[in-house]
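Architecture at a glance
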Amino acid sequence: MARKKKSEQKERKVFGLSAEIVEQQITETLEKNYMPYAMSVIISRAIPEIDGFKPAHRKLLYTMYRMGLLTGQKTKCAKVVGQTMMLNPHGDASIYETLVRLTTGRETLLHPFIESKGTFGKQYSDDAFAASRYTECKLAKISEEIFDGIDRDAVDMVPNYDNTTTEPAILPTSFPNILVSPNNGIAVGMTSTICSFNLREICEATIRFIKDPSFDVEELLEVVKGPDFSTGGLLIYNRDKLRDIYTNGRGSVSIRSRYEYDPKANRIEITEIPYTTTAGKIKDAIVDLVKNGKIKEINDIRDEIDINGLRIAIDLKKNTDVEKLIARLNKAHILECDFSCNFNVLVGGVPQTLGILDILDEWVAFRVECLRRNFIYDLSKKSDKLHLLYGLREILLDIDKAIRIIRETENEKDVIPNLMAGFAIDQTQAEYVAEIKLRNLNREYIINRIDEIEELEKVPAPAVTMENLARIIELWTKIPASKIKAQEYQQIKGLSDRLKQHIVGQDEAVDAVAKAIRRNRVGISPKKRPVSFIFVGPTGVGKT
C-alpha cells in the first residue's frame, strides 16, 4: 500500500511550476544579458569624454544653456532639474546631485561651471545640501567657453532618449577641461579617476605641446608642477611618481593637511585637508584614537566650519610636542591621504588609459575639428548671404525695371518666375528680393548693400595651422590660478571674439588635419594604450 502511494507521488505534477531547462554557455549568457548593460555604463554613464564631462554633466549644462542661464538672473534649481529630465530620465535626485557638484557653493571644482545661491554643502564637509526648491543657480562665466561654437555646428547633435529633441554628443570646450576638472567614475570592470590640474599650467603645457613636437614628459614636469585641488592641502612632491602618472595615466599622489599652531591657546587649527576626505571623517578618526588610548595628547576636538571656510580645532594638553603629534596623525592616514589616479578617458567611444601628453594629443585633434566645422559653417553662411546680395545687386542696377515687372504681373505666384526671367537670377535670390520692403528702396540702402558685398568678398580665410590653435590657447594663460571671479573674467571675456580671428580655413592643411583627426578618433595611434575589454557593436562582439 505504501509503495503504491509512493509511485503515485512520483507521477503527480505540480502545474504552473514546471519549466523547460535550456543549457547555455555562461559566456553566451553574459554576452546577451550582461554586456549591453556593461557597455551602457562604460560609454553612457561613468567614463568622461575628451571634453571632460560625463553624459549627466553634459545634459545638465546644455539644458541650462538652452534655458538662457548664461545671462540674466538665477533660477530655482528645481526648474533646472525638471527641464533636464527631457534629456536625462534617471530621476530628479541624481540630476540634482550632479548639479550640486558643479556649483561654486560646493567647491568641488577648481573652476565651477554653475553659480549658486543657497546651501550646497562643501566638498570638505559631510553636511547635506538643501532641497532644490530652496536653491538657485545659473551658468558661470567660464561656461561660455564650453559652449563656444555649439550653435555653429562645432559638434554633432544627437536625438535624446525619446527622439523629441536633440543634444550635443560632446561639448566644444575651448580649453583642456579634461585635465582641469576632477572626475571619478566606477564602470563595469574599469574605473576612471582624474585629478584636477592648475588651469594656467595646463594651458601653458598645451601651447608648448602644440608648438614643439619634441615636447616630452621631462619638460611637462617643469610646466605642470603637480595636481591642484579645490580643497588645498600640501602635495608631497615625488618626481618619479608624477612622471609615471604623466606618462602612463596611473599612479598616486600624497596630500597632507595644512595646519597652524596657536601657542597661546595651545591649539592646532587645521585649515586645509586632502581632497578625498572630510572634516567629519578626520574628527571621528581622531576621537577613536583618543578613546582607544593610542593618543593621549588631545583634550578636545571641534569642527568649526563656518562662512569663512574650513577649520578643525584640536586643543592639546600641556607640554605636547606638536610636530610629533602631527607626524603620528599623518602616519595613521588621518591628516594625510593618497589620491589614486587612473586617467581612463573615452576616445571615439573606446575607453583608453592615457598619459597627459596623449590626452593633450587627443584634445588638440578634437579642438581643431571643432574649429574646422565652425569655419565651414561660417563660410557657408557668408556664401549664402553673398549669393543673395549678388541677386539684389542685379535688381538694384535697374530698380524701375523690377517695379514694372512686379506691377505688370497679374498673379502673385508669377512674381518670382518673372523676376527670375527678367534679371537672370535664381529662385532663392528672387524670393529674397521680393520680400524687400518698399521703404528700403532708397539710395542709402542700396549703397550699404553694395558695401556689404565688398566687405564679404575681401574677408581672408586664415590657414589651418597648429600656431593658430596655440595662439588661441595662449589667451588662457592670462587667467589667474585662483578661482575665476567676475572681475577676473574681464581679462578673458573677449576670448570668443578673438577666437573668430583665428578660425581655421579651407586649404591643403584641412585635409591633413582631418585625416589626423579621423585617425586619432578611432584610437589607432601607436602611442595609445587602449584598455582591453570586450565590447558589443553593430557588427557583433569583439575585443580591443
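Let me begin by describing the structure that accompanies this report. Each chain has its residues counted from 1, running along the sequence as written. With the structure being a predicted model, the display of local features is reserved for residues of pLDDT at least 70 and the display and counting of side-chain atom pairs for 80 or more, all residues being used for whole-chain, interface and lining totals. The side-chain quantities take in all heavy atoms of the structure and omit both hydrogens and water.

Another point: the overall build of the protein. Secondary structure elements are defined from DSSP: runs of H or I of at least 4 residues count as helices, runs of E of at least 2 residues count as strands, and each element is numbered from the N terminus. Within the protein, the regular secondary structure consists of 19 helices and 18 strands. Looking at the protein as a whole, 47% of its 544 residues are labelled buried. Split by element, the accessible area of the protein, about 29,000 Å² in all, is 50% carbon and sulfur. Think of it in three bands: with a 1.4 Å probe and only protein chains considered, a residue is buried below 20% of the maximum accessible area for its type, exposed above 50%, and partly exposed in between. Note on areas: Shrake-Rupley, 1.4 Å probe, and residue coverage restricted to the protein chains presented here.

Moving on, we come to the sheet that holds strand β13 (residues 312-316). Read across the open sheet, the four strands follow the order β10-β11-β13-β12; overall the sheet is antiparallel. Whereas interior strands pair on both sides, the edge strands pair on one side only; in this sheet they are β10 (258-262) and β12 (298-303). With strand direction ignored, the average angle separating the axes of adjacent strands in the sheet is 20°. Its contacts with the sheet put helix α9 (residues 279-291) on β12 and β13, and the angle it makes with β12 is roughly 160°. Between any two strands, at least two bridges found by DSSP are needed for them to pair. All axes here are fitted lines through C-alpha atoms, helices being fitted over the stretch that makes contact, and every angle between N-to-C directions spans 0 to 180 degrees. By definition, residues are in contact when any of their heavy atoms lie within 4.5 Å.

Note on ring pairs: Phe, Tyr and Trp rings are taken, using the six-membered ring of Trp, and paired if centres are within 6.5 Å. Classes follow the plane angle, with under 30 degrees stacked, over 60 edge-to-face and the rest tilted. Tallied over the entire structure, the rule returns ten aromatic pairs. Between Tyr34 and Tyr37 the ring centres are 5.8 Å apart and the planes differ by 50°, which places this aromatic pair in the tilted class. On the criterion of helical spacing, the pair formed by Tyr34 and Tyr37 is a turn pair, its members being three residues apart in helix α2 (residues 26-46). Taking the relative accessible area as the measure of exposure, Tyr37 reaches 44% and is therefore partly exposed. Arranged with centres 4.4 Å apart and planes meeting at 20°, the rings of Tyr65 and Phe147 form a pair that is stacked. Here the residue Tyr65 occupies a position in helix α3 (residues 55-66), and Phe147 occupies one in the loop between β3 (136-139) and β4 (157-159), the gap between them amounting to 82 residues. Accessibility classification places Tyr65 together with Phe147 in one group, the buried group. In this scheme, Lys NZ or Arg CZ marks a charge over a ring once it lies within 6 Å of the ring centre and within 35 degrees of the ring normal. One residue, Lys401, lies across the ring of Phe423, its end atom 5.0 Å from the ring centre.

Right, let's talk about the pairing of strand β15 (residues 344-347) for a bit. Residues Asn344 and Leu346 of β15 are buried on one face, and the alternating residues Val345 and Val347, pointing to the opposite face, are buried as well. Alignment of β15 against strand β16 (residues 350-353), held across four bridges, turns out to be antiparallel. Residue Val345 lies in a different strand from β16, and its bridge partner there is Gln352.

As defined by bridge partners, β10 adjoins strand β11 (residues 267-272) across five bridges and the pair is classed as antiparallel. Considered in β11, the bridge of Asp262 is made with Arg267. Hairpin geometry of β10 and β11 is characterised by an intervening segment of four residues between the two adjacent antiparallel strands and by a positive phi of about 50° at Asn266. Here four bridges tie β11 to β13, and the two strands are oriented antiparallel to one another. Considered in β13, the bridge of Glu269 is made with Ala313.

So, on to unusual backbone geometry. Generally, phi is negative for residues other than glycine and the peptide bonds are trans, each holding for most cases. The backbone of His333 sits at a positive phi, close to 60°, despite the residue not being glycine. With respect to the helices, strands and loops of the structure, His333 is situated in the loop between α10 (322-331) and β14 (336-342). One non-glycine residue with positive phi stands out, namely Ala424, at about 60°. With respect to the secondary-structure elements, Ala424 resides in the loop between α13 (415-423) and α14 (427-434). Under the relative-accessibility criterion, Ala424 is labelled exposed at 73%.

Spatially, β1-β3-β2 is the arrangement adopted by the three strands of the open sheet, whose pairing is antiparallel. Both outer strands of the open sheet, β1 (75-76) and β2 (114-117), are each paired with one neighbouring strand and no more. Strand direction decides the pairing type here: β2 and β3, joined by four bridges, are antiparallel. Bridging across to β3, Glu115 finds its partner in Lys138.

With respect to the helices, strands and loops of the structure, Phe343 is situated in the loop between β14 and β15. For Phe343 and Ile359, which are 16 residues apart along the polypeptide, the C-alpha to C-alpha distance reads 8.9 Å. Ignoring any residue separated from it by four or fewer positions in sequence, one finds Phe343 in contact with Thr193, Ile194, Cys195, Phe197, Ile245, Gly249, Gln352, Thr353, Leu354, Ile356 and Ile359.

Attention now goes to the layout of surface pockets. A cavity here means a set of 1 Å grid points, computed over protein atoms only, where a 1.4 Å probe fits but cannot escape. A pocket is an open set with protein on both sides within 12 Å along at least 5 of 7 lines, and lining residues have an atom within 4 Å of a point. Grid points are joined across faces, edges and corners, and a volume is the space filled by probe spheres set on the points. Here the second largest pocket defines a volume of roughly 430 Å³. Looking at the second largest pocket, it is lined by 23 residues, and the ones nearest its centre are Glu107, Lys122, Tyr124, Gly309 and Leu310. When grouped by side-chain class, the residues that make up the lining of the second largest pocket number six nonpolar, ten polar and seven charged. Each residue is assigned to one of three groups, with Ala, Val, Leu, Ile, Met, Phe, Trp, Tyr, Cys and Pro labelled nonpolar, Asp, Glu, Lys and Arg labelled charged, and all others, Gly among them, labelled polar.

Attention shifts here to the packing of helix α4 (residues 77-84) against helix α5 (residues 92-101). Packed helix pairs are characterised by how far apart their axes lie and by the angle those axes make with each other. It is the contact of α4 with α5, at a shortest axis distance of 9 Å, that shows an interaxial angle of 120°. Of the possible angle classes, the one that applies to α4 and α5 is oblique. Taken as a pair, α4 and α5 cross one another with a handedness that is right-handed. Of α5, the residues touching α4 (which contributes Cys77, Val80, Val81 and Thr84) are Asp92, Ile95, Tyr96 and Leu99. Roughly parallel refers to an angle under 35 degrees, roughly antiparallel to one over 145, roughly perpendicular to one between 65 and 115, and oblique to any angle outside these ranges. Working rule for handedness: look at the near helix, and if it is turned counterclockwise from the far one by less than a right angle, call the crossing left-handed; if clockwise, right-handed.

A word on empty space enclosed by the protein. Overall, the coordinates contain one cavity of 30 Å³ or more when judged by the stated rule. Lining the largest cavity are Gly52, Phe53, His57, Arg101, Leu102, Leu109, Phe113, Ser181, Pro182 and Asn183. Considered class by class, the residues forming the lining of the largest cavity number five nonpolar, four polar and one charged.

It is worth spelling out a nonpolar patch on the surface at this point. Surface patches are defined over residues having more than 30% relative accessible area and no salt bridge, joining like charges when they lie within 9 Å and nonpolar side chains (Val, Leu, Ile, Met, Phe, Trp, Tyr) when within 5 Å. Salt-bridge detection follows one rule: a side-chain nitrogen of Lys or Arg within 4 Å of a carboxyl oxygen of Asp or Glu. A contiguous nonpolar patch, built from Ile26, Leu30, Tyr34 and Tyr37 and spanning about 410 Å² of accessible area, is present on the exposed surface. On the basis of relative accessibility, which here comes to 38%, the residue Tyr34 falls in the partly exposed class.

Turning to the environment of Glu115, a few remarks are in order. One can find Glu115 in strand β2. Distance from Glu115 to Thr104, taken between C-alpha atoms, is 5.4 Å for residues eleven residues apart in sequence.

Time to look at the pattern of salt bridges. Across all of its chains, the model carries 25 salt bridges by this definition. Across the salt bridge formed by Asp153 and Arg373, the nearest N and O atoms sit 3.0 Å from each other. Placement of Asp153 in the loop between β3 and β4 and of Arg373 in helix α11 (residues 356-396) is noted, with a sequence separation of 220 residues between them. Classification of Asp153 by relative accessible area gives partly exposed; the value is 38%.

Geometric descriptors of this kind do not, in isolation, establish any biological role.
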